[in-house]
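The lines below spell out each chain.
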Amino acid sequence: IDMFLSEELNSQNKENVSVLDIGCGEGYTYKKLLDEGFIGSYTGIDVKKSSIFDAYLSPMLDKKFIKCSAEDITIQTKFDLIISVTSLEHIDNEKKVIKNIKDLLAEGGTEIHIVPASATIFLYFLHGWRQYSIKMLSNLMKDRDVISVHQGGGFASFLFHFLFFPLPIKLR
């Protein structure tokens, strides 16, 4: 995820950028934006504010948190960059979210969504509501002008995890 996100962020304008992070959690994306040299404003939304959300602060990228579900976004601001990193699968009605955030995207803006691939269902079956195939993503984003889907994970990732990462065992 880290390498893919760095690659995608490096293709973006980094100055005077407004960013919306859907399902911001602990603020991973904020730190990543700082590491990549972004300057501007960052708004993270989530249903609960993480206790370490404010751990990273920089005058280069103003940081704001809004407590709300992604389905209930009522922000009037337009954003240059809208990001969700492994959060869409946790949203009950991701179709509503995708529809709503289209209205929040500034003209010429970019959306980046990182989601689990359908082949990872056996690894992460308890992680979120769903995994995504390319067809599912195409249908979800059908009203977008440009969409680029990069398939990560998949069967090779599943096999690697299955063979090299042991399952936890109860010792007592």
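The structure this text deals with has already been given above.
First things first, this report covers the structure right here in the doc. From a predicted model like this one, the values you see are computed outputs, not experimental measurements.

A few points about helix H2 (residues 28-35)
Point 1. All buried positions along H2 are accounted for by Thr29, Tyr30, Lys32 and Leu33. Looking down the long axis of H2, one finds its buried residues gathered within 165 degrees of arc, a one-sided arrangement.
Point 2. Each element contacted by the buried residues of H2 is listed here: helix H1 (2-10), strand E1 (17-22), strand E2 (40-46), strand E3 (61-67) and strand E4 (79-85).

Quick notes on the pattern of salt bridges
Point 1. Summed over all chains, the structure comprises three salt bridges.
Point 2. Two residues, Asp35 and Lys31, come together in a salt bridge whose shortest N-O distance is 3.4 Å. Placement of the pair is Asp35 and Lys31 together in helix H2, with a separation of four residues, close to one helical turn.
Point 3. Exposure remark for Asp35: the relative accessible area of 52% places this residue in the exposed category.
Point 4. Here Lys32 ties to Glu36 by a salt bridge, and the two come within 3.6 Å at their closest N and O atoms. Neither residue differs from the other here; Lys32 and Glu36 are each classed as buried.

Notes on the pairing of E4
Point 1. For E4, a buried count of six out of seven residues is recorded, marking the element as mostly surrounded by other parts of the structure.
Point 2. Sheet analysis places E1 next to E4, joined by four bridges and oriented parallel. Within the sheet, the bridge partner assigned to Leu20 lies in E4 and is Ile82.
Point 3. With six bridges joining them, E4 and strand E5 (residues 105-114) adopt parallel strand pairing. Bridge pairing in E5 links Val85 to Ile114.

As for the nonpolar core
Point 1. Core analysis: the biggest nonpolar cluster contains 20 residues, and Leu20, Ile22, Ile45, Ile82, Ile101 and Leu104 have the highest contact counts within it.
Point 2. Looking at this core, the elements that each hand over two or more residues are E1, E4, helix H3 (94-104) and helix H4 (134-140).
Point 3. A per-element tally of this core places H3 first, with four residues.
Point 4. The next biggest cluster of nonpolar side chains, apart from the first, holds 17 residues, and it includes Leu9, Val17, Leu33 and Ile112.

Some details on the pairing of E1
Point 1. Across the six residues that make up E1, a large majority, six, are buried.
Point 2. Pairing geometry for E1 and E2, over six bridges, is parallel. Looking at the pairing, Val19 lines up with Tyr42 of E2.
Point 3. For the crossover that starts at E1, traverses H2 and ends in the parallel E2, the hand is right-handed.

Analysis parameters
Residues numbered from 1 in each chain as written. Predicted model: local features only at pLDDT ≥ 70, side-chain atom pairs only at ≥ 80, totals over all residues. Heavy atoms only, no water. Buried < 20%, exposed > 50% of the residue type's maximum accessible area, 1.4 Å probe, protein only. Helix = DSSP H or I, 4+ residues; strand = E, 2+ residues; numbered from the N terminus. Arc of directions from axis to C-beta. Contact = heavy atoms within 4.5 Å. Salt bridge = Lys/Arg side-chain N within 4 Å of Asp/Glu carboxyl O. Pairing = 2+ DSSP bridges. Core = buried A, V, L, I, M, F, W, Y, C linked by side-chain atoms within 4.5 Å. Right-handed = clockwise from strand over helix to strand, strands pointing away.

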